[in-house]
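If you want the building blocks of each chain, they are given just below.
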Amino acid sequence: MEPSLISEVIRCANFAAVKHKDQRRKDQEETPYINHPIGVAYILTEEAGVTDLHVIQGALLHDTVEDTDTSFQEIEQEFGPEVAGIVREVTDDKDLPKHARKAAQIEHAPHSSKKAKLVKLADKLYNLRDLNRQGPVGWSAERVTEYFEWSAKVVNGLRGTSKPLEDKLDELFRERNIST
Ligand SMILES: Nc1nc2c(ncn2[C@@H]2O[C@H](COP(=O)(O)OP(=O)(O)O)[C@@H](OP(=O)(O)OP(=O)(O)O)[C@H]2O)c(=O)[nH]1
């Protein structure tokens, strides 16, 4: 890896860390939220063999607009239009009621770019592994099952993107007898 790529990845990780600094995951330990975007980027490099800088930056930034005061314009200024485009594709419209937001993910998945699909697959894999490890505080077994079932529908719209990630997701769905 060239030094300029290393510094771009670190600049991006630092931007995400600053933006998510006050946010925690919903688990018992209140894990720092930044563990999630870094973990999603790590799944892409380590398990999917991704070397595309923009995909890694998209993964690191994927929740900044949805969950912090970051704007798409700010991401475009800092990291360029392609990264901003990936983040836009994976950002839920928080103005929509929850059921419409969830339905929109299923609907939009097949029409996403390959780069956005990679980020989405790794995001789902991270969250489902997290649920297997320890669910968010207050989630019932039914809610966990519903999240798995909904995720399987989103993943079905992302297929043909990364065999290693899809195989690992399918294994998680198989373990819970969720048909895909
Ligand atoms: N499994 C797990 N998830 C956690 C935890 N902390 C935060 N989350 C986030 O919670 C969201 C899923 O919770 P929901 O109740 O279904 O969705 P909501 O927060 O958007 O209403 C996911 O975000 P999202 O951006 O909405 O992702 P997704 O729903 O698009 O997959 C996930 O990243 C945790 O400790 N464990």
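These numbers come from a predicted model, not from an experiment.

Parameters and conventions
- Residues numbered from 1 in each chain as written.
- Predicted model: local features only at pLDDT ≥ 70, side-chain atom pairs only at ≥ 80, totals over all residues.
- Heavy atoms only, no water.
- Helix = DSSP H or I, 4+ residues; strand = E, 2+ residues; numbered from the N terminus.
- Contact = heavy atoms within 4.5 Å.
- Lys, Arg positive; Asp, Glu negative; His and termini not counted.
- Charge placed at Lys NZ, Arg CZ, Asp CG, Glu CD.
- Near = heavy atom within 4 Å.
- Polar contact = N/O pair within 3.5 Å; in protein donor to acceptor, adjacent residues only side chain to side chain.
- Areas by Shrake-Rupley, 256 points an atom, 1.4 Å probe, with all protein chains shown as cover.
- Nonpolar A, V, L, I, M, F, W, Y, C, P; charged D, E, K, R; others polar.
- Buried < 20%, exposed > 50% of the residue type's maximum accessible area, 1.4 Å probe, protein only.
- Arc of directions from axis to C-beta.
- Core = buried A, V, L, I, M, F, W, Y, C linked by side-chain atoms within 4.5 Å.
- Salt bridge = Lys/Arg side-chain N within 4 Å of Asp/Glu carboxyl O.
- UniProt positions renumbered as here; feature names shortened; annotations may be inferred.

Enquirer: How would you sum up the overall build of the chain? Please name residues and give values.
Expert: A count of helical and extended segments in the chain gives 10 helices and 0 strands. Counting from the amino terminus, the chain carries its helices and strands in the arrangement α-α-α-α-α-α-α-α-α-α. Principal axes of the C-alpha set define a box for the chain whose edges measure 45 × 35 × 30 Å. Put simply, of all contacts in the chain between residues at least 6 apart along the chain, 68% involve residues at least 24 apart. If the 25 positive side-chain charges of the chain are averaged to one point and the 32 negative ones to another, these points end up 3 Å apart.

Enquirer: Account for the site of the ligand, with residues named and values stated.
Expert: Close to the ligand lie 20 residues; K26, K98, Q105, R143 and Y147 are nearest. At 3.0 Å from an oxygen atom of the ligand is found a side-chain nitrogen or oxygen belonging to K102. Taking Y147, its side chain carries an N or O atom lying 2.3 Å from an oxygen atom of the ligand. Protein chains shield 91% of the accessible area of the ligand, which is 680 Å² for the free molecule. For the shell around the ligand, the secondary structure elements donating two or more residues are α7 (98-108), α8 (114-133) and α9 (141-156). At 5 residues, α8 tops the list of elements feeding residues into the shell around the ligand. For the shell around the ligand, the per-class residue count stands at 6 nonpolar, 2 polar and 12 charged.

Enquirer: Outline helix α6 (residues 81-90), listing residues and values.
Expert: Taken residue by residue, α6 has V83, A84, I86, V87 and V90 as its buried positions. Seen from one end, α6 has its buried residues packed into an arc of 160°, which puts them on one side. With respect to the buried face of α6, the exposed residues turned more than 90 degrees away are P81 and R88. Contact partners of the buried residues in α6: α3 (53-61), α4 (64-67), α5 (72-79) and α8.

Enquirer: Before we move on, could you go through the nonpolar core and cite the residues and values that matter?
Expert: The biggest cluster of nonpolar side chains holds 49 residues, and the ones touching the most others in it are L44, L61, I75, L128, F148 and F173. Sorting the residues of this core by element identifies α1 (3-19), α2 (35-46), α3, α5, α6, α8, α9 and α10 (163-175) as the ones contributing at least two each. Looking at this core, the element that brings in the most residues is α8, giving 9 residues.

Enquirer: Go over the side chain of D63 with me, naming the residues and quoting the values.
Expert: Structurally, D63 is set in the loop between α3 and α4. Of the side chains with opposite charge, R25 comes closest to the buried, unpaired D63, at an N-O distance of 5.4 Å. Each residue touching D63, except ones within four places of it in the same chain, is listed here: H20, Y33, H36 and T68.

Enquirer: I'd like to hear about the UniProt feature "domain: HD" (unreviewed entry) in the chain, residue by residue, with values.
Expert: Following the UniProt record, one finds the feature "domain: HD" (unreviewed entry) at residues 33-128. Annotated as 72% helix and 0% strand, the span residues 33-128 places its first and last C-alpha atoms 16 Å apart.

Enquirer: I'd like to hear about the pattern of salt bridges, residue by residue, with values.
Expert: One pass over the full model with this rule turns up 17 salt bridges. With its nearest N and O atoms 3.1 Å apart, the salt bridge here joins D69 to K19. With D69 in the loop between α4 and α5 and K19 in helix α1, this residue pair connects regions lying 50 residues apart in the sequence. The partner of K115 in a salt bridge is D52, and the shortest N-O contact between them spans 2.7 Å. Here K115, found in helix α8, pairs with D52, found in the loop between α2 and α3; they are 63 residues apart in sequence, far enough to count as distant. Judged by its relative accessible area of 28%, D52 falls in the partly exposed class. Salt bridges here are not isolated pairs; linked through shared partners, they connect R25, D27, D130 and R133.

Enquirer: Give me the lowdown on the environment of D22, citing residues and values where you can.
Expert: As for its position among the elements, D22 is in the loop between α1 and α2. Between the C-alpha atoms of D22 and K94, which are 72 residues apart in sequence, the distance is 19 Å. A polar contact of 3.1 Å, which involves the side chain of D22, links it to the side chain of K21.

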